[in-house]
Amino acid sequence: MVPTMGALHVGHVSLIRRAQSIGASVVVSIFVNPLQFGDSSDLATYPSDIDRDLDICRETSVDLVWAPSVEHMYPSGFATRVSVTGVSVPFEGHHRPGHFDGVATVVTKLFSVVRPDTAVFGAKDFQQVAVIKRLTSDLGLPITIDVAPTVRDHDGLALSSRNVRLEPPARTRALAIPRSLRAAEDAWKSGVRSSRELEAIVATELGDLDIEYAAVVDPSTLSERTNDDDSAVVLVAATVGGVRLIDNVVLG
Ligand code: PAF
């Protein structure tokens, strides 16, 4: 299964291809989940083009597309929330209160209806993957969570459905995000291990972008690394030209 919110792009196609290499049949769900949007204007402007999405699914030989309505997913009286603690709290959890409850609730429902053997998610949403892995393990769901590498445009920007809302000047400014991650990678390769030093390198590259967070933390707990020799993840969220973008890189 490849759960999506539609506005499919090459990144989603790579998830679909990956799912096809794993399983006999691939289900794509398309559902813009209102529960995970705190900001109603973000929900209202989230790109959507179901005809194009269906064309892409046809062209990539997806076996089944499930595109339920909001009423179908959340009929009147729907009162359940799935809430993951711990890894969901910092970063996206802090800046988008309620977001991960929305993600955990919809993913649990999508999983319980489709009952896939494997679900494929993109590595760009690093914290989302951590939340979904936690929930799958805690609830004992017999589903393998597979994580596909982030697909980047020729200029390094991570593919995201939100990128279509970037005007050309904003898009150019947004390139500071992948540049900052490359700088962290280069620094790591040349032996820099301290979170604070890596964060300073990232911040320098991000310059005057409107940064929500740019942090270097432990990839499994998303909290402070206890040892400089441990692996690290750089997590960045910034708003550019009114568009909120996230990206990350794992070091070590
Ligand atoms: O990553 C997404 O597109 C969404 O958060 C997901 C996992 C489909 C849940 O709505």
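Residues numbered from 1 in each chain as written. Predicted model: local features only at pLDDT ≥ 70, side-chain atom pairs only at ≥ 80, totals over all residues. Heavy atoms only, no water.

Colleague: When you look at the site of the ligand in this model, what are you seeing that I'm missing?
Modeller: Taken together, P3, T4, M5, N33, Q36, V106, F121, D125 and Q128 make up the full set of residues adjacent to the ligand. The side chain of Q36 places a nitrogen or oxygen atom 2.6 Å from an oxygen atom of the ligand. Across the complex, the protein chains shield 89% of the 290 Å² of accessible surface that the ligand would expose by itself. Of the residues belonging to the shell around the ligand, the class tally is four nonpolar, four polar and one charged. (Near = heavy atom within 4 Å. Polar contact = N/O pair within 3.5 Å; in protein donor to acceptor, adjacent residues only side chain to side chain. Areas by Shrake-Rupley, 256 points an atom, 1.4 Å probe, with all protein chains shown as cover. Nonpolar A, V, L, I, M, F, W, Y, C, P; charged D, E, K, R; others polar.)

Colleague: Explain the pattern of salt bridges here, please?
Modeller: Two side chains of opposite charge can pair, provided their charged atoms sit close to one another. Under the definition given, this model contains 17 salt bridges. In this structure, D42 engages R165 in a salt bridge whose closest nitrogen and oxygen atoms are separated by 3.7 Å. Taken together, the residues D42 in helix α2 (residues 40–45) and R165 in the loop between β5 (144–148) and α8 (168–174) connect sequence positions 123 residues apart. Judged by relative accessible area, D42 falls into the buried class, the value being 14%. Judged by relative accessible area, R165 falls into the partly exposed class, the value being 26%. (Salt bridge = Lys/Arg side-chain N within 4 Å of Asp/Glu carboxyl O. Helix = DSSP H or I, 4+ residues; strand = E, 2+ residues; numbered from the N terminus. Buried < 20%, exposed > 50% of the residue type's maximum accessible area, 1.4 Å probe, protein only.)

Colleague: Looking at this structure, I do not really get the packing of helix α6 (residues 99–114) against helix α7 (residues 126–138). What am I missing?
Modeller: Describing two packed helices takes the angle between their axes plus the distance from one axis to the other. As a packed pair, α6 and α7 sit with axes 10 Å apart at the nearest point and diverge in direction by 50°. Relative to α7, α6 is oriented oblique. The interaxial crossing formed by α6 with α7 has right-handed handedness. Residues F100, V103, A104, V107, T108 and F111 of α6 form the contact with α7, whose participating residues are Q127, Q128, V131, I132, L135 and T136. (Axes fitted to C-alpha atoms, helices over the stretch in contact; angles between N-to-C directions. Parallel < 35°, antiparallel > 145°, perpendicular 65-115°, else oblique. Left-handed = near helix turned anticlockwise from the far one by under 90°. Contact = heavy atoms within 4.5 Å.)

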